[in-house]
Amino acid sequence: MFAKLKPVFRVPATRGRMGNTKYYTATLPFGAVTKLFTFDPNKMLELTPENRSQRALKTKRIPEIARYITDHDDYIFSAITVSVDSDAVEFEEVEEGVDIGVLVLPLEAKYVINDGQHRVAGIEEALRTDPLLARDTISVVVLPDGGLERSQQVFSDLNRTVHKTSKSLDILYDHRLPINRITMACMERVELFRNRIDKERVSLSVRSAKFATLSGLQEANKQLLGDLDESIDAATEKHLTSLAIDYWNHLTDRVDPWREIRDGDVKPPEARQNFISSYALALWALGAAGKATLAAKRETDGPWADHLDELKKIDWKKANPDWQGICMSEHEVVTRMPTRRATALYIMWRIGISPQRPTSVISDTR
């Protein structure tokens, strides 16, 4: 009789049903999650896609998830979903017919992580750094296993209605990153940007009344300020915020037709029809040129604004033949990383930061 006894893990849980799918929801400590729901990513890679229960593990995501856990006191995850041999699962009701009780999970059962394998791998790596995290908990949805085909269908169904938020919304809602806070300050305190930044989309339609997207402005600030560590002190962040605001305000009077847009004399859709400077590509390039200008200022100990006065001499109209091969192919603006860099180099050349005029890059990006 005792030979049939197997070690189990007992946890309070609720029972539920969606359509024909019966499931259980429990809250498990990190330590239990990493012990129960183990998997070998190398073995998964050995299988063909049609023989896997879900996508292969992307190992480069694991350290990022682990740092998110260890670097924050208020991190949060959505539930992970696992399947387990249906014969191995037991649910003990607190009362007959009640969906609250105790879920009995055999330690030796075969579990398949339908959704959350990267979270589990990240948790496991975080525990190596801080074993005390083993007491933190995460919600787990447990499904009776129906074999490979069923696991694949569960994975597909779980991801069917998932829609990633836009990068602009990520910036708007993520208050942890200094670059996001700096960009939000620019959006409010640079008159050209105020009420002219699209906070949801990552690209603007031809007729959009907005000047730029929040993601486009953030990318430009990244070029201007470089990679900012999340742990920079308040004084440094205040200095960089003031620097970015001053930079974009200064450019408003020097990049045609930004001043007219700010003053309401030219509408953004009209500007996009005629000027390179109204594209995200130019915003990015001006951020990169700004970083080079600040570096030149440090070397010469001269005012960075002196270099930027030369921006007034640039013809930003699409009709300017200088843009051909740099960021335009005939009448089309070509937005690629090589054309962004070439546009930045062209600006640096025109304002005297770079000694060499950039060559055509369009043939490399088509």
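Residues numbered from 1 in each chain as written. Predicted model: local features only at pLDDT ≥ 70, side-chain atom pairs only at ≥ 80, totals over all residues. Heavy atoms only, no water.

**Points about the overall build of the protein**
Argument step 1. If you tally the helices and strands in the protein, you get 14 helices and 11 strands.
Argument step 2. Contacts in the protein between residues far apart in sequence, at least 24 positions, make up 71% of those at least 6 positions apart.
Argument step 3. Just so you have it, the protein exposes about 20400 Å², and 49% of that area is on carbon and sulfur atoms. (Helix = DSSP H or I, 4+ residues; strand = E, 2+ residues; numbered from the N terminus. Contact = heavy atoms within 4.5 Å. Areas by Shrake-Rupley, 256 points an atom, 1.4 Å probe, with all protein chains shown as cover.)

**Overview of the packing of aromatic side chains**
The geometry of an aromatic ring pair is captured by the separation of the ring centres together with the interplanar angle, meaning the angle of the planes.
Argument step 1. Tallying each qualifying case throughout the model produces 14 aromatic pairs.
Argument step 2. Between Phe-211 and Trp-258, the aromatic rings sit 5.5 Å apart at their centres with planes inclined by 90 degrees, giving edge-to-face as the arrangement. Placement of the pair is Phe-211 in the loop between strand E8 (197-198) and strand E9 (212-213) and Trp-258 in helix H10 (residues 258-262), with a sequence separation of 47 residues.
Argument step 3. Using a relative accessible area of 4% as the deciding quantity, one classes Phe-211 as buried. (Phe/Tyr/Trp six-rings, centres within 6.5 Å; stacked < 30°, edge-to-face > 60°. Buried < 20%, exposed > 50% of the residue type's maximum accessible area, 1.4 Å probe, protein only.)

**A closer look at the pairing of strand E1 (residues 8-18)**
Argument step 1. Summarising the sheet, E1 and strand E5 (residues 100-106) pair through 7 bridges and their orientation is antiparallel. Directly across from Val-11, in E5, lies its bridge partner Leu-103.
Argument step 2. Judged from the 6 bridges that link them, E1 and strand E2 (residues 21-29) form a sheet pairing that is antiparallel. Across the sheet, Gly-16 pairs through a bridge with Tyr-23, a residue of E2.
Argument step 3. Where E1 hands over to E2, the hairpin turn is made up of 2 residues, of which Gly-19 adopts a positive phi near 60 degrees. (Pairing = 2+ DSSP bridges.)

**Focus: the nonpolar core**
Within soluble globular proteins, side chains that are nonpolar generally end up buried alongside one another.
Argument step 1. In this structure, Phe-193, Trp-248, Trp-258, Leu-286 and Leu-311 are the most contacted members of the largest nonpolar core, which totals 58 residues.
Argument step 2. At the level of elements, helix H6 (167-173), helix H7 (178-189), helix H8 (214-225), helix H9 (234-252), H10, helix H12 (280-300) and helix H14 (337-350) are the ones that each hand at least two residues to this core.
Argument step 3. With 9 residues, H12 is the largest single contributor of residues to this core.
Argument step 4. Grouped together as the second largest cluster of nonpolar side chains are 32 residues, Leu-28, Val-84, Ile-123 and Val-142 included. (Core = buried A, V, L, I, M, F, W, Y, C linked by side-chain atoms within 4.5 Å.)

**Brief notes about the pattern of salt bridges**
Argument step 1. Under the counting rule described, the total for this entry stands at 15 salt bridges.
Argument step 2. For Arg-176, the salt bridge goes to Asp-74, with nearest N and O atoms at 2.9 Å. Taken together, the residues span a long stretch of sequence, with Arg-176 in the loop between H6 and H7 and Asp-74 in the loop between helix H3 (61-70) and strand E3 (80-85) at a distance of 102 residues.
Argument step 3. A relative accessible area of 26% places Arg-176 in the partly exposed class.
Argument step 4. Given a relative accessible area of 52%, Asp-74 falls into the exposed group.
Argument step 5. Arg-357 serves as the salt-bridge partner of Asp-322, at 3.0 Å between the closest nitrogen and oxygen. Of this pair, Asp-322 sits in the loop between helix H13 (304-308) and strand E10 (328-329) while Arg-357 sits in the segment after H14, placing them 35 residues apart in sequence.
Argument step 6. Look at the salt bridges and you will find they share partners, linking Arg-15, Glu-93 and Asp-99 into a network. (Salt bridge = Lys/Arg side-chain N within 4 Å of Asp/Glu carboxyl O.)

**What to know about the packing of H7 against H8**
For any two helices packed against each other, the geometry comes down to the angle between their axes and how far apart the axes lie.
Argument step 1. Viewed as axis vectors pointing N to C, H7 and H8 meet at an angle of 115 degrees, and their least axial separation amounts to 9 Å. One finds that H7 runs roughly perpendicular with respect to H8. As for the relative orientation of H7 and H8, their crossing is right-handed in sense. Residues Ile-179, Asn-180, Ile-182, Thr-183, Met-184, Cys-186 and Met-187 of H7 pack against Leu-214, Leu-217, Gln-218, Asn-221, Lys-222 and Leu-225 of H8.
Argument step 2. Across the contact of H7 with H8, the residue classes break down as 8 nonpolar, 4 polar and 1 charged. (Axes fitted to C-alpha atoms, helices over the stretch in contact; angles between N-to-C directions. Parallel < 35°, antiparallel > 145°, perpendicular 65-115°, else oblique. Left-handed = near helix turned anticlockwise from the far one by under 90°. Nonpolar A, V, L, I, M, F, W, Y, C, P; charged D, E, K, R; others polar.)

**Some details on the environment of His-118**
Argument step 1. Relative to the elements of secondary structure, His-118 occurs in helix H4 (residues 117-129).
Argument step 2. The class of His-118 is buried, set by a relative accessible area of 6%.
Argument step 3. Distance from His-118 to Lys-60, taken between C-alpha atoms, is 9.8 Å for residues 58 residues apart in sequence.

**A few points about the side chain of Thr-183**
Argument step 1. Examined against the element boundaries, Thr-183 turns out to sit in helix H7.
Argument step 2. In contact with Thr-183, not counting residues within four places along its chain, are Leu-214, Leu-217, Gln-218 and Asn-221.

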